[in-house]
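# Structural overview
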Amino acid sequence: MAERYNFREIEAKWQKHWETTDAYRAVDFSDKPKYYVLTEFFGPSGKGIHLGHVKCYTPTEVVARYKRLKGYNVLYPAGWDAFGLPTENYALKMNTDPETVTDNNVATFKRQLKRLGYSFDWSREIRTTDAAYYKWTQAIFLELFSHGLAYKSEGAVNFCPSCKTVLSNEDSQGGVCDRCHAEVEQRTRSVWYLRMKDYSEKMLAAVDEIDMKENLKDSQRNWIGRSTGAEIEFAVKGTDKRLKVFTTRPDTLFGATFMVISPEHPLIDELKSALKNREEALAYRAEAAKKTAVERAAQKEKTGVRLEGVAAVNPADGREIPIYAADYVMMGYGTGAIMAVPAHDERDYAFAKKFGIEIREVIAGGDVAAEAYTGDGTLVNSGFLDGLSVEPAKEAMLAHLERTGAGVKKVNYKMQDWPFNRQRYWGEPFPIVVCDDCGYVPLTEAELPLLLPEVADMRPDESGNSPLAKNAAFVETVCPRCGRPARRETDTMPNWAGSSWYWLRFIDPHNDEAFADPKKLKYWGAVDLYTGGTEHVTRHMLYASFWHNFLYDIGKVENRLPFTRRMCNGLVLDEKGKKMGKSAGNAVDPIEILDEYGADAFRLHILFIGDYEQNTLWTMEGINGCTNFLNRVWALPDMLREGGVSREHARALAVLLKRAETGIVAESGGAGREHNDFKFNTVIAAMMEFYNELKKDGFITREELRQFLLALNPFAPHITAELYQRLFFKDIDFESWPVLDESKLVEAVVELPVQVNGKLKGRVTVPAGASEAEARAAALEACPLPAPPKKVIYVKDRIINIIV
RNA sequence: GCGGAGGUGGCGGAAUGGCAGACGCGCUAGUCUCAGGAGCUAGUGGGCAACCGUAGGGGUUCAAGUCCCCUCCUCCGCACCA
């Protein structure tokens, strides 16, 4: 084949072929075993795809093609998560509307993804912003509402002053807005919540079951933040109020010498005249409110105000102890109040030192005059607990509290209910009517979708209301229950709503009777492999787990786990090790690489330069290696010759198939199973090694070439499809992965390293499976020994070590 | 502070406790040629050598990049979680 490999022509030809034949359509209820491989929704931004997309999606793509060849009915869909701030902000910047922006961005993305040769089933394309889709997002919200899992409540919420909207804890991690990185403020507002906290235990169980890296499971567990301890009530002297605290250390109750409530704690308001320095307390509250969460956490010195005129009563011994308001206690965790045990807690210790409060040691073992002691030890100064160690003391105190009614055993979670709304335009409207008489009244499913209305001005403003509030025709309605005039809810759902169930819609994307046909849900079941970024592990993955668990509970899906296995890709970093991104200004345009090197070379290169899960330093150096390899593959037909297949040839092919089968994706895997797959870089190396092996003999047979093309196809689909068609007159997509003959893996002879006293001294060639006597004889012949051997360690086919 | 990942040639990176550096880039020399960012051949951790080499130091083992202990450095999460 003298003709040079023209990737431009050949890639365009096959991409067109795949598009016109709808080549990768998944078949419902096929007889083949099903395999559902999912990669995260695309957020179609204005700039088209970037290297991160290619790094993230190419491996999944290889798995999808490999599994098809392996005889699976593969579902590999793609869709668009198009609601949310990026699109809306981009539309504002471009002075157009989000729908147009979305249309354009989707068209660009789709064109670019096709140029990479990705084998998505485009017949199942969905978009969260389509009414036909968000109808079902709204319907699931109605289910949540009717099951008591959606409620509106006023309280302190995270608010991004730049995006002008309420944010969830998940969206303001580290105290900054996930979108614009502005520091988040606390505001009081009435918002919709989903009772995610009620699902803590089920979500934790799902963490145990999913097949995912242990460290990622830990971040999910930490985010849910289960801790066990006690809820204890302290009487507030001189009032009828009681102050409730959560503690993981009930054993130290005798050491509680003061209490601290968060500045926002309602007790300050409830104490009324009993509180002598109310003004001071309110001033402190106002000060605290000015600080962002970041500032609050960063301050070195503890601050606080003693609440004058009131005291708490320690239920352990009846002593009166002071109450302080201090901003080191957060309203959002536990009860927003703590019992402070300065001798055994570093924060309380610092506070007590500053305010001159008694530090009472109740666990022996440290030097509480110098610092807080948080280790184990024997209880002292603690009445009936004296002499016990920490764990038995916890049990004894819990029993005591439950008997006296002063406290109960309690499990606490760091994860909060999900503030489920935005005061922005571009999101799903709530299917809820607010009636003065009937309260919050849901629409019926038949009334869905409730369409997102057009508005004259979609910009958010300082009113704290969504732009939808300005559209009177939308807002003014009648109550579905009593028929009197009423108003619609005008907030919109957060951008995570649509992605909290989308994998179910791919199963039946065009159904308008249900979000998906139960029979199809049953056939496809859980996603077998879900890939995406680590940044979604404590956001989207948790929301997805929550919604899916809920849908399971109400019998809408049959499998409790949405995803059987999750793999997270590393980032693409620039030469300096910095994250690549549009904002960083160091982005490389993948389209330029496609123009210059083609999709097959690009796919090989991005897989070859690093491990899937590790961060990858981006470099163009070395892409020539992939181009050269493809050129050699293109020239392989010149090496065709029949017959004379040596044992080495057969073995080289078997090794290649074996390494591909184990290195791409494991057959199946339950939770906690050790995988050694997703090693695309070493599978590509195996392809090259196979080529190098052939090159030694200078020929390849037709059957060898056929099998080699099949093995390479998932990585480089265009060139392999072309060669396959030219040589075998068939469409490679309908062929089957070669059957691996394990017996061919066995070598006839092995080269054995010979060690003397553990040091390499030489090598000998022996028949495979040689006995120790044979190996020993060969070794002695090759390496004369300085002394007679005392001992020989022989590992068959691996090594011989002679101790003298 | 807590948690996690990582540290291997000039570079990207390979190595179920068993030949460190697979594979590729780059580089060197040669070769061919329709002069290209092409192909082919050979070489390429250090050292003249014995030997020495996987951040540094100890240890376990017949055998350690890999397991254990200590130290250093880099990156990434989380962070007053009671």
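Computed from a predicted structure; not experimentally measured.

Criteria and thresholds
Residues numbered from 1 in each chain as written. Chains lettered and ligands numbered in written order. Predicted model: local features only at pLDDT ≥ 70, side-chain atom pairs only at ≥ 80, totals over all residues. Heavy atoms only, no water. Axes fitted to C-alpha atoms, helices over the stretch in contact; angles between N-to-C directions. Helix = DSSP H or I, 4+ residues; strand = E, 2+ residues; numbered from the N terminus. Parallel < 35°, antiparallel > 145°, perpendicular 65-115°, else oblique. Left-handed = near helix turned anticlockwise from the far one by under 90°. Contact = heavy atoms within 4.5 Å. Nonpolar A, V, L, I, M, F, W, Y, C, P; charged D, E, K, R; others polar. pLDDT = per-residue confidence, 0-100. Salt bridge = Lys/Arg side-chain N within 4 Å of Asp/Glu carboxyl O. Near = heavy atom within 4 Å. Polar contact = N/O pair within 3.5 Å; in protein donor to acceptor, adjacent residues only side chain to side chain. Expected span 1.5 Å × (residues − 1). Buried < 20%, exposed > 50% of the residue type's maximum accessible area, 1.4 Å probe, protein only. Pairing = 2+ DSSP bridges. Phe/Tyr/Trp six-rings, centres within 6.5 Å; stacked < 30°, edge-to-face > 60°. Lys NZ or Arg CZ within 6 Å of the ring centre and 35° of its normal.

This brings us to the packing of helix H19 (residues 623-635) against helix H21 (residues 680-697). In the contact formed by H19 and H21, the axes pass within 11 Å of each other and the chain directions differ by 45 degrees. One way to sum up the angle between H19 and H21 is to call them oblique. Regarding H19 and H21, the two cross each other, and that crossing is left-handed. Residues Gly625, Phe629 and Arg632 of H19 form the contact with H21, whose participating residues are Met687, Met688 and Tyr691. When its residues are assigned to classes, the contact of H19 with H21 shows four nonpolar, one polar and one charged.

What follows concerns the environment of glutamate 143. Within the fold, glutamate 143 resides in helix H5 (residues 131-146). Residues glutamate 143 and proline 442 lie 299 residues apart in sequence; the distance between their C-alpha atoms is 9.8 Å. The contacts of glutamate 143, once residues within four sequence positions are left out, are Phe550, Ile554 and Lys556.

In this section: the confidence of the model for chain A. Summing up the model confidence of chain A, the mean pLDDT is 90 and the portion of residues at 70 or higher is 97%. For chain A, the element scoring lowest by mean pLDDT is helix H10 (residues 293-298), at 73; helix H14 (residues 502-505) scores highest, at 98. Confidence estimates for the predicted assembly give a pTM of 0.92 and an ipTM of 0.93.

Counting across every chain of the model gives 56 salt bridges. Between lysine 213 and glutamate 613 there is a salt bridge; the shortest N-O distance is 3.0 Å. Linking lysine 213 in the loop between helix H6 (200-209) and helix H7 (214-224) with glutamate 613 in the loop between helix H18 (599-608) and strand E27 (616-617), this pair joins segments that are 400 residues apart in sequence. Among the ionic pairs, arginine 776 bridges to glutamate 772, the shortest N-O distance being 4.0 Å. With arginine 776 and glutamate 772 both in helix H24 (residues 772-782) and four residues apart, this pair spans about one turn of that helix. Through salt bridges that share partners, Asp28, Asp121, Arg124, Asp508 and Lys520 make up one connected network.

A few words on the protein's contact with RNA strand B. Around RNA strand B, 49 residues are found, and the nearest of them are Arg347, Lys414, Tyr597, Arg763 and Arg798. Close to the protein, within 4 Å, the atoms of RNA strand B are drawn from sugar and phosphate at a rate of 58%. Between threonine 248 and RNA strand B, the recorded distance is 2.7 Å, taken from a backbone N or O atom to a sugar or linking oxygen. When residues in the surface near RNA strand B are grouped by element, the largest group, six residues, is from H21. Its residues assigned to classes, the surface near RNA strand B shows 17 nonpolar, 16 polar and 16 charged.

In this section: H5. Spanning 16 residues, H5 covers 22 Å between terminal C-alpha atoms, matching the ideal 22 Å at 1.5 Å per step. The buried fraction of H5 amounts to twelve of the 16 residues, a majority that puts the element mostly inside the structure. Within the span of H5, buried status applies to Tyr133, Tyr134, Lys135, Trp136, Thr137, Gln138, Ala139, Ile140, Phe141, Leu142, Leu144 and Phe145. Remark: glycine 148 follows H5 within two positions and exhibits a positive phi of approximately 75 degrees.

Pairing within the open sheet is mixed, and its four strands lie in the order E11-E14-E10-E15. The open sheet has two edge strands with one neighbour each: strand E11 (305-306) and strand E15 (337-340). As judged from the four bridges shared by strand E10 (residues 258-261) and E15, these two strands associate in the antiparallel manner. Bridge assignment links phenylalanine 258 to a residue of E15, and that residue is alanine 340.

It is worth spelling out the sheet that holds strand E7 (residues 185-194) at this point. The strand order across the open sheet built from four strands is E6-E5-E7-E19, with neighbouring strands paired in antiparallel fashion. Sheet topology places strand E6 (165-167) and strand E19 (418-419) at the edges, where each strand pairs with a single neighbour. Relative to E19, E7 runs antiparallel, the two sharing two bridges. When the bridges of E19 are listed, leucine 194 appears paired with tryptophan 418. H5 contacts strand E5 (150-160) and E7 of the sheet and is inclined by roughly 90 degrees relative to E7.

Another aspect to go through is the side chain of histidine 265. Looking at where histidine 265 falls in the secondary structure, it is placed in the loop between E10 and helix H8 (267-270). For histidine 265, a relative accessible area of 10% gives the class buried. Excluding its chain neighbours within four sequence positions, the residues that come into contact with histidine 265 are Leu243, Arg285, Met331, Thr335, Gly336 and Ala337.

What follows deals with the packing of aromatic side chains. The tally for this structure, following the rule as stated, stands at 53 aromatic pairs. Here the aromatic rings of tyrosine 502 and phenylalanine 506 are separated by 5.7 Å at their centres, their planes lie at 75 degrees, and the arrangement is edge-to-face. Looking at tyrosine 502, the relative accessible area reads 1%, which means it is buried. On the basis of relative accessible area, phenylalanine 506 is assigned to the buried category, the value being 1%. Through pairs of rings, three or more aromatic residues link up here, namely Phe141, Phe145, Trp192, Trp418, Phe420, Phe430, Tyr440, Trp496, Tyr543 and Trp547. One cation-aromatic arrangement involves arginine 488 over phenylalanine 474; the distance from NZ or CZ to the ring centre is 5.6 Å. Over the face of the ring belonging to phenylalanine 699 we find arginine 641, whose NZ or CZ atom lies 3.9 Å from the ring centre.

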